[in-house]
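Remarks on the overall topology
Residue strings, one per chain:
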Amino acid sequence: MTQLGLPEDITVCLFDLDGVVTKTAVVHAAAWKETFDAFLREREGAGFRPFDQVADYDEYVDGRPRADGVRTFLASRGIELPEGSPDDPPDAPTVNGVGNRKNELLLGKIRTEGVEAYEGTLRYIGAVRAEGLRTAIVSSSANTRDVLHSIDAEHLFDVRIDGVVARERALPGKPRPDTFLAAARDLGVDAGRAAVFEDALAGMEAGRSGRFGYVVGVDRVGQRDALYAHGADVVVKDLAELLGAGGGTS
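Just so you know, the residues in each chain are numbered from 1, in the order the chain's sequence is written. Only residues with pLDDT of 70 or above have their local features reported here, since the model is predicted, and side-chain atom pairs are shown and tallied only from 80 upward, although totals for entire chains, interfaces and linings are computed over all residues. Values shown for side chains rest on all heavy atoms present in the structure; no hydrogens or waters enter the calculation.

Focus: the pairing of strand E1 (residues 12-15)
Exposure classes here rest on a 1.4 Å probe applied to the protein chains alone. A residue is buried below 20% of its type maximum, exposed above 50%, and partly exposed in between. Note on conventions: DSSP H or I runs of at least 4 residues are helices, E runs of at least 2 residues are strands, and numbering of each starts at the N terminus. A two-sided burial pattern is seen for E1, the buried positions comprising Val12 and Leu14 on one face and Cys13 and Phe15 on the other. Two strands are said to pair when DSSP picks up at least two bridges between them. One ladder, built from 4 bridges, connects E1 with strand E2 (residues 134-138); its direction is parallel. Looking at the pairing, Cys13 lines up with Thr135 of E2. As defined by bridge partners, E1 adjoins strand E4 (residues 194-198) across 4 bridges and the pair is classed as parallel. Residue pairing across strands places Cys13 opposite Ala195, the latter belonging to E4.

Spelled out as structure tokens, the structure:
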């Protein structure tokens, strides 16, 4: 292991955004809860079962493209909606409409609450780049560029594969590995020489199925065992733990 806590043959690092670089995962979860609870309440009345901001978020939504999150969670409740189109209004009873309502709420929360970065992650990325490793941001969010700009972190990444790029290239989202594989290709390496940094279970599955050289799970919400079960090679609470640690687990 290197002083970055990575195998010697790793030459690029692929970072998820929400929950790894920025403290926005909790904001996403809150926006999803508000969206789904309103939808379920209108559909099922006062006796509806609310969206669980931890269990449902982790299992069905976290790390997935927005429409996939809508589709997967509603399927868990036996609900199927028409797909609609990406420009559906936020009150449309479609997969895209529900997703657009969530995005509208998310952007409002970001505007009012702001975005914070994890300082340990920024320190780790700085160390990675100082050692000559190249970096990519890989996120299902269509708001990735704006979020990175808000924390002055665009310059920390050589490649960006986000919801916008994935749509342009027709890349399926996590738990499929395609977005991470695209980032590795754009950086000029095969998956075996790339490390994936993720906090979502879907991201762990993407790292494992894509046969990446190393998969780092970031445990922000007490799901260490689940991260290992879904494909992590190592789990830490903060990426700064990897610096000089030889890759030891938390």
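On we go from here.
Brief notes about helix H3 (residues 66-76)
Of the residues making up H3, those classed as buried are Gly69, Val70, Phe73 and Leu74. Projected down its long axis, H3 carries its buried residues within an arc of 115°, all on one side. In this analysis, two residues are considered to be in contact whenever any of their non-hydrogen atoms come within 4.5 Å of each other. Check the buried side of H3 and you find it contacts helix H1 (25-44), helix H2 (55-61) and helix H4 (95-113). Remark: Gly78 follows H3 within two positions and exhibits a positive phi of approximately 75°. By arc we mean the arc of the directions from the helix axis to the C-beta atoms, nothing more.

Quick word on the sheet that holds E4
Across the sheet, 6 strands lie side by side as E3-E2-E1-E4-E5-E6; this open sheet has parallel pairing. Two strands bound the open sheet, and with one partner strand each, they are strand E3 (159-161) and strand E6 (234-236). This sheet shows a mean twist of 20° between the axes of neighbouring strands, independent of strand direction. Axis angles are defined between N-to-C directions and span 0 to 180 degrees, where every axis is a line fitted to C-alpha atoms and, for a helix, only to the segment in contact. Sheet contacts for helix H8 (residues 178-186): E1, E2, E3 and E4; angle to E3, the most-contacted strand, approximately 160°. Contacting E4 and strand E5 (214-218), helix H9 (residues 201-209) runs over the sheet at an angle of about 170° to E5.

Re the environment of Arg167
Looking at the secondary structure, you find Arg167 in helix H7 (residues 163-169). Taking the relative accessible area as the measure of exposure, Arg167 reaches 58% and is therefore exposed. Sequence separation of Arg167 and Ser140 is 27 residues, and the distance between their C-alpha atoms is 9.8 Å.

Some points on the pattern of salt bridges
Every case where a carboxyl oxygen of Asp or Glu lies within 4 Å of a side-chain nitrogen of Lys or Arg is listed as a salt bridge. Taken as a whole and judged by the stated rule, the model has 17 salt bridges. Residue Glu104 pairs with Arg101 through a salt bridge whose shortest N-O separation is 2.6 Å. Within this pair, Glu104 and its partner Arg101 are both found in helix H4, separated by 3 residues, close to a single helical turn. A salt bridge links Arg220 to Asp238, with the nearest nitrogen and oxygen atoms 4.0 Å apart. Of this pair, Arg220 sits in the loop between E5 and helix H10 (224-229) while Asp238 sits in the segment after E6, placing them 18 residues apart in sequence. Using a relative accessible area of 22% as the deciding quantity, one classes Asp238 as partly exposed.

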